[in-house]
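What follows is each chain in one-letter form.
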Amino acid sequence: MLRLLQPPLRRLLVLVLIAAAVIGGIVWYFGLAVPGAVLVAVAVAAVGSTWIAVQEADAVEWPTKPAHRSPGARRDVETLSWSMKTRGGVHEKTLARAREAARHRLLFLYGLDLYDPANRDEIERLLAPGVVRVLLTPRHSNLDLVSFTRLLGALEALGAPTERPS
């Protein structure tokens, strides 16, 4: 408040107070009672002085943590976690994403196509037969969370698709 009384802002504050008095006089002239006109003038003076104080104050910024982004993390985990559990089991969209991840890892790391029947024995050697059955079932809408967690564990055990196994 004391900054408003310093020379650069004092002139603006005096102009706001004069404008508030003029506006109070105008509303009184047009028929508002004296207490109402005084209230309007005080309100205009309060808003004007607050506006001046806010405009001249130092900007306040909230501290923010730097965002840590790892390569390839495009909010996939958050999206998957929201779609993990629905009524009746794991959502089909979530299962489809896991199916594509399995197909990509098998093809990149081992040269095996998930949908090729000739590769099925080799894929069942790498993944459990139950996991392969879940991956190859087109609509598996009542897959429970425990089975889906087992599926994700099997996919993680395949390895990351950044390096081929030796």
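The text that follows walks through the structure, step by step, so that each part is easy to find. Predicted, not measured: the structure shown is a model, and the values here were computed from it.

A closer look at the nonpolar core
The nonpolar side chains of a soluble globular protein tend to be buried, and buried together. If you look at the biggest cluster of nonpolar residues, it comprises 19 residues, and the most contacted ones within it are Ile123, Leu127, Leu135, Phe148 and Leu151. For this core, the secondary-structure elements that each account for two or more residues are α4 (92-110), α6 (129-136) and α7 (145-158). The element that contributes the greatest number of residues to this core is α7, accounting for 5 residues.

Considerations on α6
Of the residues making up α6, those classed as buried are Val131, Val132, Val134 and Leu135. Projected down its long axis, α6 shows its buried positions confined to an angular sector of 160 degrees, all on one face. Taken together, the buried residues of α6 touch α4, α5 (120-126) and α7.

A closer look at the packing of aromatic side chains
Taken as a whole and assessed by the stated rule, the structure comprises 1 aromatic pair. Ring geometry for Tyr29 versus Phe30: centroids 5.4 Å apart, planes at 80 degrees, classification edge-to-face. Residue class for Phe30 comes out exposed when judged on its relative accessible area of 68%.

Observations concerning the environment of Ala43
The topology assignment puts Ala43 in helix α2 (residues 34-56). By relative accessible area, which is 40% here, Ala43 ends up partly exposed. Between the C-alpha atom of Ala43 and that of Ala20, which follows or precedes it by 23 residues, the distance is 8.0 Å.

Overview of α4
Spanning 19 residues, α4 covers 26 Å between terminal C-alpha atoms, matching the ideal 27 Å at 1.5 Å per step. Among the residues of α4, Glu92, Thr94, Leu95, Ala98, Arg99, Ala102, Leu106 and Leu109 are the ones counted as buried. The arc enclosing the buried residues of α4, seen along the axis, measures out at 155 degrees, which places them on a common side. The positive-phi residue at the C-terminal boundary of α4 is Gly111, with phi of around 70 degrees.

Quick look at the environment of Val22
Relative to the assigned elements, Val22 resides in helix α1 (residues 7-29). Val22 gets classed as partly exposed once you look at its relative accessible area, which sits at 45%. Separated by 19 residues in sequence, Val22 and Ala41 have C-alpha atoms that sit 7.9 Å apart.

Observations regarding the pattern of salt bridges
Scanning the entire structure with this criterion turns up 3 salt bridges. Among the ionic pairs, Arg103 bridges to Asp113, the shortest N-O distance being 3.5 Å. Of this pair, Arg103 sits in helix α4 while Asp113 is found in the loop between α4 and α5, placing the two residues 10 residues apart along the sequence. Assessed through its relative accessible area of 30%, Arg103 is described here as partly exposed. When its relative accessible area of 24% is taken as the criterion, Asp113 is described as partly exposed. Between Arg125 and Glu122 there is a salt bridge, and its shortest N-O distance comes to 2.6 Å. Pair noted here: Arg125 and Glu122 are both in helix α5, with a separation of 3 residues, about one helical turn. By relative accessible area, which is 33% here, Glu122 ends up partly exposed.

Overview of a nonpolar patch on the surface
Where nonpolar side chains cluster on the molecular surface, the patch consists of Val14, Ile18, Val22, Ile26, Trp28, Tyr29, Phe30, Val34, Val38 and Val42 and spans about 1,100 Å² of accessible area. At the level of secondary structure, the elements contributing two or more residues to the nonpolar patch comprise α1 and α2. Ranked by residues supplied to the nonpolar patch, first place goes to α1 with 6 residues. With respect to the element layout, Val34 can be found in helix α2.

Here is what the cut-offs are and how they apply
- Counting restarts for each chain: residues are numbered from 1 in the order of the written sequence.
- The predicted origin of the model limits local features to residues at a pLDDT of at least 70 and limits the giving and counting of side-chain atom pairs to 80 or more, whereas totals for whole chains, interfaces and linings rest on all residues.
- Hydrogens and water are ignored here; the side-chain numbers use all heavy atoms of the structure.
- Put simply, buried Ala, Val, Leu, Ile, Met, Phe, Trp, Tyr and Cys residues joined by side-chain atoms within 4.5 Å make one nonpolar core.
- Burial classes: relative accessible area under 20% of the type maximum marks a residue as buried, over 50% as exposed, and values in between as partly exposed (1.4 Å probe, protein chains only).
- Starting at the N terminus, helices and strands are each numbered in turn, a helix being any DSSP run of H or I of at least four residues and a strand any DSSP run of E of at least two.
- To obtain the arc, one takes the directions from the helix axis to the C-beta atoms.
- Here a residue-residue contact requires only that any non-hydrogen atoms of the pair lie within 4.5 Å.
- Each Phe, Tyr or Trp ring (for Trp, its six-membered ring) is paired with any other whose centre lies within 6.5 Å, and the angle between the two planes then decides the class: stacked below 30 degrees, edge-to-face above 60, tilted in between.
- The length a helix should cover is 1.5 Å for every residue beyond the first.
- Whenever a carboxyl oxygen of Asp or Glu lies within 4 Å of a side-chain nitrogen of Lys or Arg, that contact is scored as a salt bridge.
- A patch consists of residues whose relative accessible area exceeds 30% and which take part in no salt bridge; residues with like charges are grouped when within 9 Å of each other, and nonpolar side chains (Val, Leu, Ile, Met, Phe, Trp, Tyr) when within 5 Å.
- Working definition of accessibility: Shrake-Rupley area with a 1.4 Å probe, residue cover restricted to the visible protein chains.

Treat this as a map of the structure, not an account of what it does.
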